[in-house]
Amino acid sequence: MSIQCIRGVKDILPPEIEIWQTIEHKAKSLLEQFGFKEIRLPLLERTELFHRSIGEETDIVSKEMYTFEDRGGEKITLRPEATASVVRAYLQHNLYTLDPIQKLYTIGPMFRRERPQKGRYRQFYQINAEVFGIDSPLIDAQIIFMLMYFFKNLSLTNVQLHINSLGCRECRPQFYHALNTYLSQFNADDLCEHCNRRRTTNPLRVLDCKVEKCRQAMKDVPSILEFLCPDCVSHFQLVQTTLANQGIDFTINNQLVRGLDYYTRTTFEIQTSHLGAQNAIAGGGRYDGLIQLLGGPDIPAIGFAIGVDRLIELYMQHHESPKPYVDMFIIALDAPSKKMAYTLCCDLCIKGIQVEMDYSARSLKSLMKRADKLNAHFVMIMGEQELANNSVILRNMNTKEQFVLSTNGIVDHLLTQFFITPH
Ligand code: HAM
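Residues numbered from 1 in each chain as written. Predicted model: local features only at pLDDT ≥ 70, side-chain atom pairs only at ≥ 80, totals over all residues. Heavy atoms only, no water.

Scanning the protein chain from N- to C-terminus turns up 16 helices and 16 strands. Each of the three principal axes of the protein chain carries a C-alpha extent, and together these read 95 × 50 × 45 Å. Looking at the protein chain as a whole, 50% of its 423 residues qualify as buried. A sequence separation of at least 24 residues applies to 70% of the contacts in the protein chain between residues at least 6 apart. Element-wise, carbon and sulfur atoms account for 51% of the exposed surface of the protein chain, whose accessible area totals about 21,200 Å². Of the side-chain charges in the protein chain, 46 are positive and 48 negative, and the distance between the mean point of each set is 4 Å. (Helix = DSSP H or I, 4+ residues; strand = E, 2+ residues; numbered from the N terminus. Buried < 20%, exposed > 50% of the residue type's maximum accessible area, 1.4 Å probe, protein only. Contact = heavy atoms within 4.5 Å. Areas by Shrake-Rupley, 256 points an atom, 1.4 Å probe, with all protein chains shown as cover. Lys, Arg positive; Asp, Glu negative; His and termini not counted. Charge placed at Lys NZ, Arg CZ, Asp CG, Glu CD.)

Attention now goes to the packing of aromatic side chains. The final tally for this structure, using the stated rule, is twelve aromatic pairs. Counting every residue linked through ring pairs, the aromatic cluster contains Phe378, Phe403, Phe418 and Phe419. A cation over an aromatic ring shows up here: Lys10 above the ring of Tyr121, its NZ or CZ 4.1 Å from the ring centre. (Phe/Tyr/Trp six-rings, centres within 6.5 Å; stacked < 30°, edge-to-face > 60°. Lys NZ or Arg CZ within 6 Å of the ring centre and 35° of its normal.)

Overall, mixed pairing links the five strands, which are arranged 13-12-14-15-16 in an open sheet. The open sheet has two edge strands, strand 13 (355-357) and strand 16 (402-406), and neither has a second partner. Each strand axis lies, on average, 25° off the axis of its neighbour in the sheet, ignoring direction. Where strand 12 (residues 326-332) and strand 13 come together, three bridges link them in parallel fashion. Counterpart to Met328 in the pairing with strand 13 is Val355. Along the sheet, helix 16 (residues 410-417) contacts strand 12, strand 14 (376-382), strand 15 (391-396) and strand 16; its crossing angle with strand 16, the most-contacted strand, is approximately 140°. (Pairing = 2+ DSSP bridges. Axes fitted to C-alpha atoms, helices over the stretch in contact; angles between N-to-C directions.)

What follows deals with the nonpolar core. Core analysis: the largest hydrophobic core is formed by 45 residues, its most contacted members being Val87, Phe132, Leu207, Met218 and Ile291. Mapped by element, the contributors of at least two residues to this core are helix 2 (47-53), helix 3 (59-64), helix 4 (83-92), helix 7 (172-183), helix 9 (212-217) and helix 11 (290-293). When residues in this core are grouped by element, the largest group, six residues, is from helix 4. The residues contacting Met218, other than those within four sequence positions of it, are Tyr182, Leu183, Phe186, Val206, Leu207 and Gln255. Core analysis: the second largest hydrophobic core is formed by 44 residues, Met148, Leu154, Ile302 and Tyr315 among them. (Core = buried A, V, L, I, M, F, W, Y, C linked by side-chain atoms within 4.5 Å.)

What follows concerns the layout of surface pockets. Roughly 520 Å³ of volume is contained in the second largest pocket. Elements that contribute at least two residues to the lining of the second largest pocket include exactly helix 2, helix 7, strand 9 (264-271) and helix 11. The element that contributes the greatest number of residues to the lining of the second largest pocket is helix 11, accounting for three residues. Across the lining of the second largest pocket, the residue classes tally to seven nonpolar, five polar and nine charged. (1 Å grid on protein atoms, 1.4 Å probe; cavity = no way out; pocket = protein on both sides within 12 Å on 5 of 7 lines; lining within 4 Å. Points joined across faces, edges and corners; volume = space filled by probe spheres on them. Nonpolar A, V, L, I, M, F, W, Y, C, P; charged D, E, K, R; others polar.)

Quick look at the site of the ligand now. Residues in close proximity to the ligand total 27 residues, the closest being Glu81, Glu114, Glu130, Tyr263 and Ala280. For the ligand, an oxygen atom lies 3.1 Å from a polar atom in the side chain of Gln126. For the ligand, whose accessible area on its own is 660 Å², the fraction buried by protein is 96%. Contributions of two or more residues to the shell around the ligand are made by strand 6 (123-132), strand 10 (280-286) and strand 11 (301-307). Per element, the largest residue contribution to the shell around the ligand is six residues, and it comes from strand 10. (Near = heavy atom within 4 Å. Polar contact = N/O pair within 3.5 Å; in protein donor to acceptor, adjacent residues only side chain to side chain.)

Judged by side-chain polarity, Leu43, Leu44 and Phe68 come together as a nonpolar surface patch covering roughly 240 Å² of accessible area. With respect to the element layout, Leu44 can be found in strand 2 (residues 44-46). According to the relative accessible area criterion, Leu44 is partly exposed, its value standing at 44%. (Patch = residues over 30% accessible without salt bridge, like charges linked within 9 Å, V, L, I, M, F, W, Y side chains within 5 Å. Salt bridge = Lys/Arg side-chain N within 4 Å of Asp/Glu carboxyl O.)

With that out of the way, let us pick up the pairing of strand 10. For strand 10, a buried count of seven out of seven residues is recorded, marking the element as mostly surrounded by other parts of the structure. The pairing of strand 9 with strand 10 spans six bridges and is antiparallel. Bridge assignment links Thr267 to a residue of strand 10, and that residue is Gly285. In the sheet, strand 10 pairs with strand 11 via five bridges, with the strands oriented antiparallel. The residue of strand 11 that forms the bridge with Gly285 is Gly303.

Taken N-terminus to C-terminus, the directions of helix 6 (residues 137-153) and helix 10 (residues 230-245) make an angle of 40°; their axes are 8 Å apart at the nearest point. In terms of their interaxial angle, helix 6 and helix 10 are classed as oblique. Remark: the crossing between helix 6 and helix 10 carries right-handed chirality. Residue-level inspection shows Pro137, Leu138, Asp140, Ala141, Ile144 and Phe145 of helix 6 in contact with helix 10, the latter providing His235, Leu238, Val239, Thr242 and Leu243. Here the contact of helix 6 with helix 10 is composed, by residue class, of eight nonpolar, two polar and one charged. (Parallel < 35°, antiparallel > 145°, perpendicular 65-115°, else oblique. Left-handed = near helix turned anticlockwise from the far one by under 90°.)

Attention shifts here to the side chain of Arg122. Within the secondary structure, Arg122 is located in the loop between strand 5 (102-111) and strand 6. Leave out the neighbours within four places in its chain, and Arg122 touches Arg7, Gly8, Val9, Tyr66, Met110, Phe111, Arg112, Arg113, Glu114, Arg115 and Pro116.

Here's what the structure looks like:
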């Protein structure tokens with residue numbers, strides 16, 4: 001058997017790729033309208049970056065990263081997410097000295113060695129946006145507003161916004177204390193193997209464990225929202241009132257802790273019930289301590305990532321895959337016509353018209369079949385007789401109308417009379 005791609009990764013083929021291009025194009029336009037600038041980052045980073053930022057005890061760092069020693073003995077990781085890399089670049093290039101306020105976005109693949117299933121891949125794609133230097137809750141609301149607008153604009157209305165606040169370094173310890181007390185009542189059998197470990201290493205993670213017995217155990221867990229300090233309460237309140245004033249529906253989910261350790265205050269996730277178990281299509285939140293943790297100044301930050309693979313799966317439930325087509329297929333029946341067809345094909349392609357020609361010596365009948373297969377909107381036919389009259393035949397494949405066109409000034413004629421695309 002020929003070599004296949006590895007488990008959990010996939011090829012994105014035409015015509016589906018057109019949907020990816022459309023979505024990425026729309027995302028870029030919207031982000032730029034909101035003042036974000038693109039940043040392109042390496043896929044390889046020092047492993048330490050993710051250990052320090054995402055957290056040693058998270059699933060991502062403890063079991064999902066693709067980490068290896070390169071030939072120089074350096075520990076390298078294929079990035080499992082982009083936030084840590086954006087912060088690394090912000091610090092490495094001292095972007096904050098130019099202006100602490102930076103809005104940056106990046107689109108590309110991430111790598112996590114999870115158990116593959118529908119909507120969960122080992123190489124997947126994110127549209128990732130980060131805002132540095134603004135602690136106002138208005139920016140939290142604005143990026144959520146922008147995200148919800150993005151989904152609405154794609155006619156994806158079957159999505160729900162969940163929000164929570166994880167407090168700050170002032171109030172989180174009080175919640176930890178209450179959480180630890182709550183967790184101490186359970187025997188080892190009451191929680192899954194991972195949560196038994198987590199309750200000592202990273203108790204917050206027990207809150208969003210999906211295993212049924214852990215969910216049961218967490219039924220009466222104290223709400224983090226009851227432990228927020230006054231500043232965090234008013235911060236979260238303003239996020240909510242701003243969203244409500246903009247007509248954005250949301251659910252407060254006090255167990256939304258997210259899978260990465262860097263979050264503080266606002267966290268959010270956009271979920272859908274139409275994708276099965278992998279229901280989060282975007283997630284993000286504030287991470288006010290991360291820049292400092294990675295060696296920079298105390299600068300607040302917030303961001304999100306959209307899971308493009310899942311977004312596209314959802315999008316394709318409501319939109320048909322685009323049907324490939326060509327604007328025109330040229331059938332040239334002899335060598336001199338082929339020469340002319342070749343020039344015409346190049347001239348029209350650079351004007352933005354998709355033109356294909358035939359390079360073989362097949363019969364008219366089989367080439368008309370090929371025109372149908374290519375879904376050609378027009379077919380141009382030229383042969384000895386047409387060339388002798390300085391003319392070609394143009395057939396509109398939808399209306400079946402046929403025209404005889406002069407070869408003089410044919411490019412302009414086609415562009416003005418037959419193809420409405422702006423050139
Ligand atoms: P995350 O929740 O880990 O957050 O990932 C964001 C989105 O990526 C998820 O909601 C999901 O749609 C998609 N995703 C995650 N893992 C997979 C997978 N294995 N297969 C397919 N899609 C997946 C982050 O990555 C944070 N860095 C987001 C962020 C940016 N927070 C602040 N700034």
